[in-house]
Amino acid sequence: MRVTSGLLTRRRFITGSASAAALTTTALTWAGGIAKPYLSRAADRPLITHGLQSGDMGVDSGVVWARTDRPARMQIEIATTDSFRDIRGGAFVDALPDSDFTAKLLLKELPAQDIFYRIRF
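Quantities reported herein were computed from a predicted structural model and do not represent experimental measurements.

K.L.:
What exactly am I supposed to notice about unusual backbone geometry here?
P.N.:
Peptide bonds are, in most cases, trans, and in most cases residues other than glycine have a negative phi. Positive phi, normally seen in glycine, also occurs at Asp 56, with a value near 50°. Note that Asp 56 resides in the loop between β1 (48–55) and β2 (62–68). A positive phi angle, close to 60°, is found at Asp 100, a residue other than glycine. Checked against the element boundaries, Asp 100 lands in the loop between β4 (87–95) and β5 (102–107).

This is the structure we're talking about:
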């Protein structure tokens, strides 16, 4: 059995720090602690070619549509605050070749206040 003195040398500090950093990185990776991106910026995601459009607004209804460059499914979320903490509704609409890759939805029974909406393909 080897007994070492409690003296902290520069060599021991560097060796210990490197070991601790490697162990921490390994533990985080193993436990899933490294965050993955919420949105993929991959080149294979559909592109919105003409922006998000809305129109035909009435007292309690309106139309939202968007066009993409390929077949895709559009998700629409509706909220009464810009933070989207209180999502009031959502729907999925397909953008297919027979509609020229345009997804369109009539929103009904909207509350009489400002409405915020967002989409993603």
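Read on, since the account is not over.
K.L.:
Whenever I open this one, the pattern of salt bridges confuses me. Can you help?
P.N.:
Note on pairing: side chains with opposite charge can pair once their charged atoms come close. A full pass over the atoms with the stated rule returns 5 salt bridges. Asp 94 serves as the salt-bridge partner of Arg 73, at 2.7 Å between the closest nitrogen and oxygen. Linking Arg 73 in strand β3 (residues 72–79) with Asp 94 in strand β4, this pair joins segments that are 21 residues apart in sequence. Judged by its relative accessible area of 33%, Asp 94 falls in the partly exposed class. Within the structure, one salt-bridge network assembled from shared partners comprises Glu 77, Arg 118 and Arg 120.

Definitions and cut-offs
Residues numbered from 1 in each chain as written. Predicted model: local features only at pLDDT ≥ 70, side-chain atom pairs only at ≥ 80, totals over all residues. Heavy atoms only, no water. Helix = DSSP H or I, 4+ residues; strand = E, 2+ residues; numbered from the N terminus. Salt bridge = Lys/Arg side-chain N within 4 Å of Asp/Glu carboxyl O. Buried < 20%, exposed > 50% of the residue type's maximum accessible area, 1.4 Å probe, protein only.

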